[in-house]
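# Results of the structural survey
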2 protein chains.
Amino acid sequence: MIVPNWLHQRAFLTPHRIALYEGEKEITFSELHELAKKKAKQLLRLGVKKGDIVAVHMKNSAKMVEIIHALQYVGAIALLQNIRLTREELIWQLRDSQASFVICDHAQSLQPMDNDIQLIEWAELETVPEQEGMLQTTYNLDDVATIMYTSGTTGKPKGVMQTYGNHWWSAIGSALNLGLHMDDCWLAAVPFFHVSGFSILMRSVIYGMSVYILPQFDAKKANEIILQQKATIMSVVSTMLQQMLRELNEPYPSTFRCMLLGGGPAPRALLDECARRHIPVYQTYGMTETASQVVTLPPEYLSKRGSAGKPLFPVQIRIEKDGKEAKANEAGEIVVKGPNVMKGYLYREEETKKVLKDGWFYTGDIGYVDEDGFLYVLDRRSDLIISGGENVYPAEVESVLLEHKAVKEAGVIGIDDEKWGQVPCAFVVVHEDEVVTEEELQQFCEQKLAKYKVPKQFYFVNNLPRNASNKLLRRELLSLLTGEGRSDER
Amino acid sequence: MIVPNWLHQRAFLTPHRIALYEGEKEITFSELHELAKKKAKQLLRLGVKKGDIVAVHMKNSAKMVEIIHALQYVGAIALLQNIRLTREELIWQLRDSQASFVICDHAQSLQPMDNDIQLIEWAELETVPEQEGMLQTTYNLDDVATIMYTSGTTGKPKGVMQTYGNHWWSAIGSALNLGLHMDDCWLAAVPFFHVSGFSILMRSVIYGMSVYILPQFDAKKANEIILQQKATIMSVVSTMLQQMLRELNEPYPSTFRCMLLGGGPAPRALLDECARRHIPVYQTYGMTETASQVVTLPPEYLSKRGSAGKPLFPVQIRIEKDGKEAKANEAGEIVVKGPNVMKGYLYREEETKKVLKDGWFYTGDIGYVDEDGFLYVLDRRSDLIISGGENVYPAEVESVLLEHKAVKEAGVIGIDDEKWGQVPCAFVVVHEDEVVTEEELQQFCEQKLAKYKVPKQFYFVNNLPRNASNKLLRRELLSLLTGEGRSDER
C-alpha cells in the first residue's frame, strides 16, 4: 500500500499549522518540511542512501525531529538509540544492525568508532552542501521505517523492525480511541528514541497536530505548560506523573484532556490520587514490538482501575493457556494481533518465528481478560523490570555479571522503589576460590551497562533457586529477601 | 490485511454508546450488534451465503442499517439500490450483478421478479427462524463490501465495487480532516443507498459515533435537530442546504461543527450566505468510485471559496493534460490515487482498465489546481447532470429516447434550476415519417427511468451539433437555447 509521505502531505495540506514548539521557538509544518528536506539533501551528499540503516543518537529536540523526517525523505531506516546506553552497548547495536552511519549531537562520546561506520555530528552536518536527489514523497506501508532494540527473554538485544504501516495504524488506532481535536498539542517529555516518544512525532504529521518538546523531563515545567493551556495531551510513565502531582497546587484546565500513562503497571495509590484530582488518566499497555499502545483504559472506567483496558480499534487480543484460548478471568500469555505488530526482529528469523505466529504476536506477558473484556496484566514478560519507564531485562544484566571472573551464578530481579517504580537488584554466587566486593561489581557493570540497568543492590548467596531443568526461578529470589513465599500480587 | 468486523469490535469496545437515533428510539452499539446478528442468522436460514450478492432496496431506517450489518456478518456483498429507479432499471441491475436476493421494505412494487432472484420482505424476514452459522468477525480489507451502480460516459450503468478497505480509508481520511469528537453525532438525511449516506454508517461503527436517521429529508426537521444540539455534523447537497437556510430564523449552536456539502458544484450565493450566517460549510468533491469525499475545503479558506479544496490525507490528486501532469492553473482531467479508490467495475475488466491505471483513477472530470494546491472542478465528467444530488447521465437518458420509434437522434443536457441545481432537458430529432409529442416522450421516459432522470423539457430540432467524427457535442446544445456561444462559466 502506497501513501503520501506524511510530512510532505502535511506541509501541502496544512502548511501554516504549528508542528513543533521548543522553548520560544515555533516551527510550522511547512518550515519543518523545508528543514528536513535540506537535511535530507545534506545526508545524500554524505553518501546516505535509500535502504541504509542510520543510527540516531540524539536528545529530544527539534533538530532530532528534523533528522527523523530527513531520513524518511531519503528512504533510510532510522535506528533509534537510547542515549543512556554505554558506548559498548551502542557499538554492539551498530554492529548487529550493520548500520553505516550514526547521526549524533556530540561525536566525542562515541569515539573511536569502527572504520566502516561514519559518525555525523549535527554541527558538522549543518555545514555540508546539499546534493540534489530523489526524495521519497510516498511510502510503502510495508517498508521498515525504524529499528529499536529490545532484549526480551534471551538477554541478547534484538532490533525490532517497525514499518511505516505499524506507525500509521498505531496513530490511527490511538485517534479512534482518544479522538482528534483541531487544537490538540501533545507534550513530549518521553524520549523520541523510545516508541512512546517516537509515536508522538508520527501522530503529529499524520494528524496535523502540534508537539511541545521538552528536551528532558521536568515536573515543574511540564505542569506549567499544561496550566498555561499549551498542551492538551501528555505521555508519561508513573514516576513522571508522581513527580508532577507532588509539584501541582492547582487543578489542570479542562483543555487538558488526556494523560497517557504507560511504561508498566501503575500503583493503585497514584491512580486513586489522579481520580481525586480529576486528572484524565488513560492507562495503557504496549511495547516496542507493537509500535506503542495496544490496550488503553479510558478514565471513565473507575470500577476497572488496575486494568490496562480494551484493545485499540484495529487490534485483537487473546489470552492463551496451554495452546488454547483461556476463559474469562483465567491467566495465560497475552497474545496480540493487529497491523501495528512489528515486521520482525532484524536478521533474526528464528526468534521472529518464535513470537510471531499467523499474525499473532506472543508478548510473553502474563494476564487475563475479565468477563467484560478488560485486560489485566499480571506479569511483564521474562521478569522484565521497568525502572522509570526504561525496560531492564534481567538476563542482559545477568550475562554482564557472569563476565566477571569472580561470578559463578547471577540472578537479577526488580525490587520496588518509591521513585522509579522498580530498580534492579542482583543475587550473586561467587566462585569458591574468588573474592569480590559490591563496589567492584557495581563499577564493572557501569562500564558495560547503561546506568539504569546497573543493580542498586547486590546480595551474595550460596546458591540460586532453580527448577528441575536448572532454569533460574527469578521470582523465588524475592522471597529470599522478604522471607515470604512466592508473591503473586502486583 | 485482516481487521476486526467493525460493528463487532464496536459492540465489544463501547457497547453502551448510542449508535442510532431514529425518532424517539435509541439503539446502542451492543443492541445494533444483537439485532444485526439475529438478522444474519435469519438470512443464513433463507440460504444467503458468504460471497453472495444481495440487493438492498430500502428507505433510510434503522432496519436498513441492521440489514447492512447483517450482510457484513454473513460476508455477503450488499448491492445498494436507488429506490427511485423504475422497476425496469432495478431488474437490469439485478441481472447485471447476478444478485441472488433482494431485501426490501415492500415486495409488491418489485413483483413479478425473475425466478432465480429471491425477494425478501422485511416483515417476512422478521418471522424467519435463526440458523446457527459462522459469522464474519473479521474483514479482509481487500474484499468487496458493497456495489453501487453508476453510469459514466457510456450510458450503460456499471456496478462499482467498493471494498472494506475503501470504506475504511475513506472514514479515516475524513476523521483526519474533520477531527473526531467523543460527542459527535452525524445527521443522516442523504440516502444510505448512495455513498454519501452509506459512508456515514461506516464512520459510525469505525469511530463509535452516533447517527441521527431522518427517513427522508425535511428542512424544518433537520434544522430542529441541529438547533436542539442533537447533531454536530450533517451531510447535504446544495438544494437541501438552500431549503434549510430558507427555514432558518436563528443561528446554529456552536456545537454544530460541520455542514459537509457535496453532490456537485455549489452556487456562489449559497456559500456567501452560509459564510454570513456562520454556518461551517465544508465543500467536498467525491464520487461513488472513490467511496465518498476525496477533496474537501474547510470553511476557514474564505479566499478559496468556489474551490473543492485539498485532498484527504491518504489521497493524491493530479491534473492530466495530453498524458502529462498539467501546470498550476492549467485545466485537464482530474486524476485521483488513494486507498479509497474502488476495486473496479463488476464483471467489466475492460472498462475498469480504461479508468484505473497504475492505481490512478481517471475521473473524467475537468478541473485545475491553483498555485496553492486547491482543486477547482470545472466540469463533471461526461456532461454529468447533478439534479438535487442525484447523478443523471445524459447518455443513459439519450439511449432510452432512442428506443422510441419516432426518435432519430437525441441529446440531453442539464439546465439550471433554482430548486434542483440542474434538471435534464432533451433535444430530439424526429424521423422524417414520424410524429411525436412532448407528452408522449415524457410518458415513455417515465416508464423506463427514475423520475429525476426524465427530461423536464423537450426541444425538437432538425439536427444535433456533432464534431467531425460525428461525436455529439452536448455542450453546444446549450447555445442552441441561449443563442450564445459555448458557455464556460459555472
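Definitions and cut-offs
Residues numbered from 1 in each chain as written. Chains lettered and ligands numbered in written order. Predicted model: local features only at pLDDT ≥ 70, side-chain atom pairs only at ≥ 80, totals over all residues. Heavy atoms only, no water. UniProt positions renumbered as here; feature names shortened; annotations may be inferred. Helix = DSSP H or I, 4+ residues; strand = E, 2+ residues; numbered from the N terminus. Rg over C-alpha atoms; globule rule 2.2 N^0.38 Å. Buried < 20%, exposed > 50% of the residue type's maximum accessible area, 1.4 Å probe, protein only. Contact = heavy atoms within 4.5 Å. Areas by Shrake-Rupley, 256 points an atom, 1.4 Å probe, with all protein chains shown as cover. Lys, Arg positive; Asp, Glu negative; His and termini not counted. Charge placed at Lys NZ, Arg CZ, Asp CG, Glu CD. Domains from an automatic or database assignment. Buried area = accessible area lost by both parts, 1.4 Å probe. Salt bridge = Lys/Arg side-chain N within 4 Å of Asp/Glu carboxyl O. Polar contact = N/O pair within 3.5 Å; in protein donor to acceptor, adjacent residues only side chain to side chain. Nonpolar A, V, L, I, M, F, W, Y, C, P; charged D, E, K, R; others polar. Pairing = 2+ DSSP bridges. Axes fitted to C-alpha atoms, helices over the stretch in contact; angles between N-to-C directions. Phe/Tyr/Trp six-rings, centres within 6.5 Å; stacked < 30°, edge-to-face > 60°. Least-squares fit on C-alpha atoms with pLDDT ≥ 70 in both. Left-handed = near helix turned anticlockwise from the far one by under 90°. Arc of directions from axis to C-beta.

An unreviewed UniProt entry lists chain A under the name 2-succinylbenzoate--CoA ligase, from Thermolongibacillus altinsuensis. You can read under Sequence similarities (unreviewed entry) in the UniProt record for chain A the words "Belongs to the ATP-dependent AMP-binding enzyme family. MenE subfamily."

For chain A, the helix and strand inventory stands at 14 helices and 29 strands. At 23 Å, chain A has a C-alpha radius of gyration in line with the 23 Å of a compact globule built from 490 residues. Across its three principal directions, the C-alpha atoms of chain A cover 65 × 55 × 50 Å. A burial count over chain A gives 61% of its 490 residues as buried. A sequence separation of at least 24 residues applies to 64% of the contacts in chain A between residues at least 6 apart. Of the roughly 20,200 Å² of accessible surface on chain A, a fraction of 47% belongs to carbon and sulfur atoms. Taken together, the 54 basic and 64 acidic charged side chains of chain A have centroids lying 3 Å from each other.

A word on the domain arrangement of chain A. All names here are of chain A. Per the domain assignment, the segments making up chain A are domain 1 (2-140), domain 2 (166-381) and domain 3 (384-481). Here the C-alpha centroids of domain 2 and domain 3 sit 29 Å apart. Counting the surface lost from both domain 2 and domain 3, the interface buries some 830 Å², and carbon and sulfur atoms represent 48% of this. Our count for the domain 2 to domain 3 interface comes out at 0 salt bridges. On the surface where domain 2 and domain 3 come into contact, there are 2 residue pairs in polar contact (both at pLDDT 80 or more). Counting residues per element, the side of domain 2 that touches domain 3 draws most heavily on helix α9 (residues 238-247), at 3 residues. Of the residues in the side of domain 2 that touches domain 3, the class split is 2 nonpolar, 6 polar and 3 charged.

Turning our attention to the sheet that holds strand β27 (residues 407-417) of chain A. Residues and elements named next belong to chain A. Overall, mixed pairing links the 3 strands, which are arranged β27-β28-β29 in an open sheet. Of all strands in the sheet, those bounded by a partner on one side alone are β27 and β29 (457-460). Pairs of neighbouring strands in the sheet enclose a mean axial angle of 25 degrees, with direction left out of account. Bridging between β27 and strand β28 (residues 421-430) involves 10 bridges; their strand directions are antiparallel. Bridging from a neighbouring strand, Val 412 pairs with Ala 426 of β28. Each of β27, β28 and β29 is contacted by helix α12 (residues 394-403), which is oriented at about 140 degrees to β27, the strand it contacts most. Packing of helix α13 (residues 438-448) onto the sheet brings it into contact with β27, β28 and β29, and relative to β29 it is tilted by some 130 degrees.

Residues and elements named next belong to chain A. Enumeration according to the criterion identifies 25 aromatic pairs over all chains in this entry. Each ring, one from Trp 6 and one from Tyr 164, has its centre 5.9 Å from the other, and the planes form 75 degrees; the classification is edge-to-face. With Trp 6 in helix α1 (residues 6-13) and Tyr 164 in helix α6 (residues 164-178), this residue pair connects regions lying 158 residues apart in the sequence. Relative accessible area serves as the criterion here: at 4%, Tyr 164 is assigned to the buried category.

Once that is clear, we can look at the pairing of strand β6 (residues 101-104) of chain B. All names here are of chain B. Burial along β6 is two-sided: the face carrying Phe 101 and Ile 103 and the face carrying Val 102 and Cys 104 are both buried. For strand β4 (residues 53-57) and β6, the ladder comprises 4 bridges, and the chain directions are parallel. When the sheet's bridge partners are listed, Ala 55 is paired in β6 with Val 102. In terms of strand pairing, β6 meets strand β7 (residues 118-121) through 4 bridges, oriented parallel. In the strand pairing of β7, Val 102 is matched with Leu 119.

Another point: the relation of the copies chain B and chain A. It takes a turn of 180 degrees to lay chain B on chain A, together with a shift of 0.0 Å along the axis; the resulting RMSD is 0.0 Å. Taken together, these values place the two copies in the relation of a two-fold axis. Looking at the rotation axis and the C-alpha trace of chain B, the residue lying nearest is B:Leu180, at 2.4 Å. When you check the interface residues of chain B against chain A, 100% turn up at the interface there too, and the contact is symmetric in its surfaces.

All names here are of chain A. Packing of helix α2 (residues 29-45) against helix α3 (residues 62-74) brings their axes to within 8 Å, and their N-to-C directions diverge by 60 degrees. Both α2 and α3 take part in a crossing whose hand is right-handed. Residue-level contacts link Leu 32, His 33, Leu 35, Ala 36, Lys 37, Lys 39, Ala 40, Leu 43 and Leu 44 of α2 to Val 65, Glu 66, Ile 67, His 69, Ala 70, Leu 71, Tyr 73 and Val 74 of α3. Tallied by class, the residues present in the contact of α2 with α3 amount to 12 nonpolar, 2 polar and 3 charged.

Residue and element names in this part refer to chain B. Residues of helix α13 (residues 438-448) that are buried include every one of Leu 441, Phe 444, Cys 445 and Lys 448, and no others. Relative to the axis of α13, the buried residues are bounded by an arc of 95 degrees and lie together on one face. Opposite its buried face, α13 presents the exposed residues Gln 443 and Gln 447, each directed more than 90 degrees away. Next to the buried residues of α13 lie α4 (87-97), α12 (394-402), β27 (407-417), β28 (421-430) and β29 (457-460).

Contact residues are listed per partner, giving 36 residues for chain B and 36 residues for chain A. Overall, the association of chain B and chain A removes approximately 3,000 Å² of surface from exposure, summing both partners, and the carbon and sulfur fraction of that is 69%. The three residues of chain B that bury the most area against chain A are B:Trp169, B:Leu176 and B:Phe313, which together make up 24% of that side's buried surface. Counting across the chain B and chain A interface gives 0 salt bridges. The tally of links from chain B across to chain A stands at 9 residue pairs in polar contact (both at pLDDT 80 or more). Among the elements of the structure, β1 (2-4), α1 (6-13), α6 (164-178), α7 (195-207) and β17 (310-311) of chain B are those that each provide at least two residues to the side of chain B that touches chain A. It is α6(B) that contributes the most residues to the side of chain B that touches chain A, 7 residues altogether.

On to the side chain of B:Asp365. Within the secondary structure layout, B:Asp365 lies in strand β23 (residues 360-369). For B:Asp365, the side chain forms a polar contact with the side chain of B:Tyr285, separated by 2.7 Å.

Bringing the pattern of salt bridges into the picture now. Applying the stated criterion across every chain, the model contains 49 salt bridges over all chains. As a salt-bridge pair, A:Arg95 and A:Asp114 come within 2.5 Å of each other at their nearest N and O atoms. One end of the pair, A:Arg95, is in helix α4 (residues 87-97); the other, A:Asp114, is in the loop between β6 (101-104) and β7 (118-121), with 19 residues separating them in the sequence. Judged by its relative accessible area of 51%, A:Arg95 falls in the exposed class. Across the salt bridge formed by B:Glu403 and B:Lys448, the nearest N and O atoms sit 3.1 Å from each other. Here the residue B:Glu403 occupies a position in the loop between α12 and β27, and B:Lys448 occupies one in helix α13, the gap between them amounting to 45 residues.

Bringing the environment of B:Lys451 into the picture now. Residue and element names in this part refer to chain B. Of note, Lys 451 is situated in the loop between α13 and β29. Lys 451 sits 366 residues away from Leu 85 along the chain, and the two C-alpha atoms are 7.6 Å apart. If we ignore the near neighbours within four places in the chain, the residues touching Lys 451 are Arg 84 and Lys 456.

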